Amino acid sequence: MTVAIYPGSFDPMTLGHVDVITRAARLFDEIIMAVVTNPSKASLIPPEDRVQLIRECLGHLPNVRVESFDGLTVQFARQKRADAIIRGLRAVSDFENEFMMSQMNKLLEPEIETVFIMAGQEYQFLSSSLVKEVSGYGGDISKVVPPAVEKYLNRIKSHKA
Ligand code: ADP
């Protein structure tokens, strides 16, 4: 049985993430979406809400589970007996950082492979931070996030207003 983790902030999850996990779910028997809860990294959405939102959006993928973690990704991967860490690659700008991280992770845990999935063409430009910016200024994000995420962001916006 092949197991992979897909770590990230997912603050919030976008259709780019959904595309990556949907394609990865065909390659592995089991995938754990691993929501990073690093307290030193400021986030818009509390980790428990991010986990809940992802569960809502990915209920149709039976081999995907959602958990949160802090600490090193490789430690979490090892704890879950994962064979691979999945990462998404958008433009060339993602490459350098992802390359460094994968080399370091290889050094720490030689048995665990990092598997890169290229972003779908329509999601190359899409990032969580861009979604937060557009949403914060009242822009329409319905084409780039799942409906549950759109609803959530609209709700926290109206609470702030
Ligand atoms: P992190 O803080 O770890 O970068 P993100 O939630 O921003 O967390 O991203 C998690 C993973 O998903 C990363 O590998 C990132 O490159 C990938 N990713 C982010 N947006 C997209 C997208 N639009 N298409 C494909 N992969 C993406």
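Here, every reference points to the structure presented above.
Below is a short write-up of the structure. (Residues numbered from 1 in each chain as written. Predicted model: local features only at pLDDT ≥ 70, side-chain atom pairs only at ≥ 80, totals over all residues. Heavy atoms only, no water.)

### Some details on helix H2 (residues 47-57)
Filter applied, for reference: Burial status follows relative accessibility: with a 1.4 Å probe on protein chains alone, a residue under 20% of its type maximum counts as buried, one over 50% as exposed, and anything between as partly exposed. Here a strand is any run of E in DSSP of at least two residues, a helix any run of H or I of at least four, and the numbering for each starts at the N terminus. The directions considered for the arc run from the helix axis to the C-beta atoms.
For H2, the complete set of buried residues consists of Arg 50, Val 51, Leu 53, Ile 54 and Cys 57. In a view along the axis of H2, the buried residues occupy a sector of 165°, so they form one face of it. Residues of H2 that are exposed and point more than 90 degrees away from the buried face comprise Glu 48 and Glu 56.

### Points about the site of the ligand
Counted only if it meets this: When we say a residue is near a molecule or strand, we mean one of its heavy atoms is within 4 Å of it. Two N or O atoms count as a polar contact when they lie within 3.5 Å, although within protein this holds only if one can serve as hydrogen donor and the other as acceptor, and sequence-adjacent residues are included solely when both atoms are side-chain atoms.
Around the ligand, the structure places 17 residues, and the nearest of them are Tyr 6, Ser 9, Phe 10, Gly 88 and Tyr 123. Between the ligand and the protein, one listed contact pairs an oxygen atom with a side-chain N or O atom of Tyr 6 at 2.8 Å. At a separation of 2.7 Å, an oxygen atom of the ligand approaches a polar side-chain atom of Ser 9. For the shell around the ligand, the elements supplying multiple residues, two or more each, are strand E1 (3-8), helix H1 (15-24), strand E4 (84-89) and helix H4 (92-108).

### Thoughts on the packing of aromatic side chains
For clarity, the cut-off: Side-chain rings of Phe, Tyr and Trp (the six-membered ring for Trp) are treated as a pair once their centres are within 6.5 Å; stacked means planes under 30 degrees apart, edge-to-face means over 60, and tilted covers the remaining angles.
By the definition in use, this model includes three aromatic pairs. With a centroid separation of 5.2 Å and 75° between ring planes, the pair formed by Tyr 6 and Phe 10 is classed as edge-to-face. Residues Tyr 6 and Phe 10 agree in their burial class; the two are buried.

### Thoughts on the sheet that holds E1
The condition that has to hold: Any two strands are treated as partners once DSSP identifies two or more bridges connecting them. Where helices are involved, their axes are fitted lines through C-alpha atoms of the stretch in contact, as for all axes, and angles between N-to-C directions lie from 0 to 180°. By definition, residues are in contact when any of their heavy atoms lie within 4.5 Å.
With respect to topology, five strands assemble into an open sheet ordered E3-E2-E1-E4-E5, the strand pairing being parallel. Each edge of the open sheet carries a strand with a single partner, namely strand E3 (64-69) and strand E5 (113-118). In this sheet, adjacent strand axes meet at a mean angle of 30° when their direction is disregarded. In terms of strand pairing, E1 meets E4 through two bridges, oriented parallel. Residue pairing across strands places Ala 4 opposite Ala 84, the latter belonging to E4. The strands touched by H1 within the sheet are E1, strand E2 (30-36), E3, E4 and E5, with E5 carrying the most contacts at an inclination of about 120°.

### Remarks on the pattern of salt bridges
Convention followed: By salt bridge we mean one thing: a side-chain nitrogen of Lys or Arg within 4 Å of a carboxyl oxygen of Asp or Glu.
Tallied over the entire structure, the rule returns 10 salt bridges. Put simply, Lys 80 and Glu 67 hold a salt bridge, and the shortest N to O gap is 3.0 Å. Of this pair, Lys 80 sits in the loop between helix H3 (73-79) and E4 while Glu 67 sits in strand E3; the two residues are 13 residues apart in sequence, bridging distant segments of the chain. Residue Lys 80 is classed as partly exposed on the basis of its relative accessible area, which comes to 23%. Glu 109 serves as the salt-bridge partner of Arg 78, at 3.1 Å between the closest nitrogen and oxygen. Of the two residues, Arg 78 sits in helix H3 while Glu 109 sits in the loop between H4 and E5, which places them 31 residues apart along the sequence. Each of Glu 30, Arg 65, Glu 67 and Lys 80 takes part in one network of salt bridges that share partners.

### Some thoughts on unusual backbone geometry
Pro 12 follows Asp 11 through a cis peptide bond whose omega is 5°. Considering the arrangement of structural elements, one finds Pro 12 in the loop between E1 and H1. In this structure, Phe 10 is a non-glycine residue whose phi angle is positive, near 50°. If you trace the backbone, Phe 10 turns up in the loop between E1 and H1. Located in the positive-phi region is Arg 81, a residue other than glycine, with phi close to 55°.

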